[in-house]
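# Structural overview for review
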2 protein chains.
Amino acid sequence: MTDFVLTAIAPGWAHFLSPPLPFTSVLGEAAAEAEAGPLVLAGVLLSLIVVYLASKIGGELCVRLDLPPVLGELVGGVVVGVSVLNLLVFPEGNIAAAAADSRLMSFLQATAGVDPEIVGSVFASTSETVNVLSEIGVILLLFEIGLESDLNELIRVGPQAAIVAVVGVVTPFILGTGGLVYLFHLDTVPAIFAGAALTATSIGITAKVLAEIQRLSSREGQIIIGAAVLDDILGIVILAVVASLAKEGTVEISNVLILVASAAAFLIGVIVLGRLLIPYFVGLMNQLKTRGQVLILSLTLAFALAYLADVIQLEGILGAFAAGLVLAETDKRDELEEQVKPVADVLVPVFFVVVGAKTNLGVLNPAVPANREGLIIAAFLVVVAIIGKVVTGYTLFGGKEKVNKLAIGVGMIPRGEVGLVFAGVGSASGVLPESLDAAIIVMVIATTFLAPPMLRFAFNMGGPSDAEPVAETSGG
Amino acid sequence: MTDFVLTAIAPGWAHFLSPPLPFTSVLGEAAAEAEAGPLVLAGVLLSLIVVYLASKIGGELCVRLDLPPVLGELVGGVVVGVSVLNLLVFPEGNIAAAAADSRLMSFLQATAGVDPEIVGSVFASTSETVNVLSEIGVILLLFEIGLESDLNELIRVGPQAAIVAVVGVVTPFILGTGGLVYLFHLDTVPAIFAGAALTATSIGITAKVLAEIQRLSSREGQIIIGAAVLDDILGIVILAVVASLAKEGTVEISNVLILVASAAAFLIGVIVLGRLLIPYFVGLMNQLKTRGQVLILSLTLAFALAYLADVIQLEGILGAFAAGLVLAETDKRDELEEQVKPVADVLVPVFFVVVGAKTNLGVLNPAVPANREGLIIAAFLVVVAIIGKVVTGYTLFGGKEKVNKLAIGVGMIPRGEVGLVFAGVGSASGVLPESLDAAIIVMVIATTFLAPPMLRFAFNMGGPSDAEPVAETSGG
């Protein structure tokens, strides 16, 4: 470290070697920063260009192959990242070595003429900034998911959706965590993290497929959507708890209970207080006259709740999600959704691509014998991810109408962007071994890839049931 | 610097002191980064909350006082910045001292429990990220200004607007730079920078006042708007040249000529090539099917041109402005303007508030005798800023119709957001003495503040001329 810092500072010092100045070290530091500053902006612009090209090329290819675009954004990230092109890489340990590996930094050096001695600090600052942009991206993603959730609709779909959601969270979590600890002898914290990643459900992907085959308003469609909304809520509470455990490094029952209680209390507290106070907040919005008042006030609330959740040892995304849930119940919802969309379009792909770019799929290369266990874990996670959700449909009985149980279970399979949130937070926490990190990404890719064709197949199997709306039927 | 780094790294080292590890320094560095990472996000979220509160409170107050909101955002920044509240401060020289001064860092420490030994590095990374966000903000601002400019309209308004624009750029530049060098004995580069800041015109503020008093489509209104568009183009070329001179530190005529030629060549080259290639670009946009394709492709173009402009030693904002100009001529313009708006709403205030926050108005405190010269310079800049633009109207003669010459000149007075871009770039370049930096901000505030009432007065003075549209009359 010391070596690196001294070389990084050297050009700054050099400027001040001739005149005998009293505060050489301070001035040297400032000079090095002044030199690095514009280059950091250039590095961030280049990174964003790479992110957008990767996400658009990947997304468009997936759309043409009838796959969810988010899968393409993730795979695009894998391609530009450490696994393949080394364009977008992030420092791990030795910054100077990582900077030398980064093709983006080589391009920057070749075009913008970076002094080789400050490359390390430009690279570190660029990576840090892109990281923060990706974290703001996931905060916006969860804010948007919260904004699109409908608590009232959830209550209406009722008990059946609740059963599906709870079973679909508990089964893969227990199977996954248990299997990793007892079959593969992993440490408890990483195993719990991987188990937690298995609980996610991506409502967006399933909803899109259901809409395509015109089953969105069928009984099955309603249960799946309701369960997926509840799953988001359960999943984000689990994630907040697991991420906090990862910070501690150990798992104690008392600690887990406190965390679950505080996550639940935070979410319920925000919703209850939010329902009371939000009319005043909306009243304030209506009185403002400057540009973008609805968006900026809402984002300020989301950032403030994210900060609060972070400070009480939970995850920032829980706060952003809660802000979205609360604002979804106001009459500003449609206006806000429309305004958040372009901002999310700009920042959310940074998150997806960065998660992909950080994933080293090389650790799962089957040609290397040492990688076999990682591959087996990845296969295990994929199987548990599918079984753990497929069973959910079969826990429904006693309903007034016959439902396609297989279709309900299959509809819960895709992990999509929610699974990526788990992978991203896990990777940032530093507790996941690289191979487990890659195995989780493989699980997310596989479930997201397989779900659409499986869902079409399941509905065909169940025979040509009518796609009638069931708006007024309450759950059985 | 070395002291600071060692203490910043200390907690990282401490973790590894007991087990004898081979690469202690590397691991220590990574551990310190892993600890600082989430805190940097928390610091950035807090900074954004402060930015939004400052910009909204300032903006809303100004709207209620019938002043342009951008003035409120700037003054809001001054209030939260180094001049008053010390909430949002940026490191200059000694990072540890600046971190200790930052109320935001104190709040972060009090709420999130930051290890005192990593406060310096969290502060440095937070500031760097907020800086990059503000620079992306100004890139978006110039992209938006480019997108709203209409080259065809400019050509239509013709010679009268061109005369007003050129006189309004040359007069304040020569008066300002000459006065600072010969009256106040400033160095050439800072004097040129201040002179360049005097050339700006903010079209938005004047257009809004003209619309309010229903003179937007009057002959005077048309000339002012046309001249202001041309002023944007001339101004950004001047800024690119001046900023490049600031990097060199010296002014040589050959150098200036090369820079002017390359800035003009870049802008003309992008516009000409853009007109040829943009149909293919729009064709590509139309073939994409994923979310946000128009916005993301356009921003990728803007960032790529910003990077290119940066690499050839001009300013990134010149590239973003050129991208906006080119895209303004496509049929995507309206859709794009609508989608860029929320993104600009989120990022542009970061720029305005940061410019205000960095301005130390304390250096103009009249109670301190040493500040007198700075105050006199500020007063000088305000006077030159007003005179330099008011004369422009009186250079018009021989036109077919009688125009209100005073009103035209007064309409060019407000510097607004364009003046702030000059101040921001100048401050980032490090060549401006703190007092000159503050004097430029005072000039921007004063002209933006005075222009609306002066414009109303000038039109009243000119008698009750009809506010008729003159859409089809060409210039005389």
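This section reports on the structure supplied with the text. (Residues numbered from 1 in each chain as written. Chains lettered and ligands numbered in written order. Predicted model: local features only at pLDDT ≥ 70, side-chain atom pairs only at ≥ 80, totals over all residues. Heavy atoms only, no water.)

### Observations concerning the packing of helix α10 (residues 203-212) of chain A against helix α19 (residues 434-461) of chain A
Residues and elements named next belong to chain A. Across the interface, α10 lies against α19 with an axial gap of 10 Å and an inter-helix angle of 35°. At the point where α10 passes α19, the crossing takes the right-handed sense. For the pair α10 and α19, the contacting residues are Ile205, Thr206, Val209, Leu210 and Glu212 in the first and Thr448, Pro452, Leu455, Arg456 and Phe459 in the second. Residues of the contact of α10 with α19, tallied by class, amount to 6 nonpolar, 2 polar and 2 charged. (Axes fitted to C-alpha atoms, helices over the stretch in contact; angles between N-to-C directions. Helix = DSSP H or I, 4+ residues; strand = E, 2+ residues; numbered from the N terminus. Left-handed = near helix turned anticlockwise from the far one by under 90°. Contact = heavy atoms within 4.5 Å. Nonpolar A, V, L, I, M, F, W, Y, C, P; charged D, E, K, R; others polar.)

### Quick notes on the relation of the copies chain A and chain B
The operation relating chain A to chain B is a screw motion whose rotation component is 180°, with 0.0 Å of axial translation and a residual RMSD of 0.1 Å. Viewed as a symmetry operation, the transformation between the two copies matches a two-fold axis. A shared interface surface links the copies, since 100% of the contact residues of chain A are contact residues in chain B too. (Least-squares fit on C-alpha atoms with pLDDT ≥ 70 in both.)

### Comments concerning the packing of aromatic side chains
As enumerated under the stated definition, the model contains 8 aromatic pairs over all chains in all. Between the aromatic rings of A:Phe107 and B:Tyr307, the centroid separation amounts to 6.1 Å while the plane-to-plane angle is 25°, which identifies the pairing as stacked. In this pair, A:Phe107 is assigned in helix α5 (residues 103-112) and B:Tyr307 in helix α13 (residues 293-311), connecting two distinct chains. For A:Phe107, a relative accessible area of 41% puts it in the partly exposed group. Of note, B:Lys358 hangs over the ring of B:Phe90, and the distance from its end group to the ring centre comes to 5.0 Å. (Phe/Tyr/Trp six-rings, centres within 6.5 Å; stacked < 30°, edge-to-face > 60°. Buried < 20%, exposed > 50% of the residue type's maximum accessible area, 1.4 Å probe, protein only. Lys NZ or Arg CZ within 6 Å of the ring centre and 35° of its normal.)

### What to know about the interface of chain A and chain B
In this assembly, 69 residues from chain A lie in contact with 69 residues from chain B. Here chain A and chain B share an interface that buries about 6200 Å² over both sides, 69% of which is from carbon and sulfur atoms. Inspection of the region where chain A meets chain B yields 4 salt bridges. Residue B:Glu144 is joined to A:Arg291 by a salt bridge in which the shortest nitrogen-to-oxygen separation is 2.8 Å. Linking chain A to chain B there are 20 residue pairs in polar contact (both at pLDDT 80 or more). Looking at the side of chain A that touches chain B, the elements with two or more residues in it are α1 (2-15), α2 (24-64), α5, α6 (119-148), α13 (293-311) and α15 (333-358) of chain A. Ranked by residue count, the leading element in the side of chain A that touches chain B is α2(A), at 22 residues. (Buried area = accessible area lost by both parts, 1.4 Å probe. Salt bridge = Lys/Arg side-chain N within 4 Å of Asp/Glu carboxyl O. Polar contact = N/O pair within 3.5 Å; in protein donor to acceptor, adjacent residues only side chain to side chain.)

### Focus: a negative patch on the surface
There is a patch of like negative charges on the surface, built from A:Asp331, A:Asp334, A:Glu335, A:Glu338, B:Asp331, B:Asp334, B:Glu335 and B:Glu338. Looking at A:Asp334, the relative accessible area reads 58%, which means it is exposed. (Patch = residues over 30% accessible without salt bridge, like charges linked within 9 Å, V, L, I, M, F, W, Y side chains within 5 Å. Areas by Shrake-Rupley, 256 points an atom, 1.4 Å probe, with all protein chains shown as cover. Lys, Arg positive; Asp, Glu negative; His and termini not counted. Charge placed at Lys NZ, Arg CZ, Asp CG, Glu CD.)

### Looking at the pattern of salt bridges
Under the counting rule described, the total for this entry stands at 16 salt bridges over all chains. Two residues, A:Arg456 and A:Asp66, come together in a salt bridge whose shortest N-O distance is 3.6 Å. You can see A:Arg456 sitting in helix α19 and its partner A:Asp66 sitting in the loop between α2 and α3 (69-80), a full 390 residues away along the chain. Accessibility expressed as a relative area gives 43% for A:Asp66, which makes it partly exposed. Measuring nitrogen to oxygen at the nearest pair gives 3.8 Å for the salt bridge that ties B:Lys341 to B:Asp345. Note that B:Lys341 and B:Asp345 are positioned in helix α15 (residues 333-358) at a spacing of 4 residues, about one turn of the helix. Given a relative accessible area of 34%, B:Lys341 falls into the partly exposed group. Within this structure, A:Glu144, A:Lys341, A:Asp345 and B:Arg291 form a network of salt bridges that share partners.

### Some thoughts on unusual backbone geometry
Residues and elements named next belong to chain B. If you check the backbone angles, Asp66 has positive phi at about 65° while not being a glycine. In the Ramachandran plot, His185 falls in the positive-phi region, its phi being about 55° despite a non-glycine side chain. The topology assignment puts His185 in the loop between α8 (159-182) and α9 (188-197).

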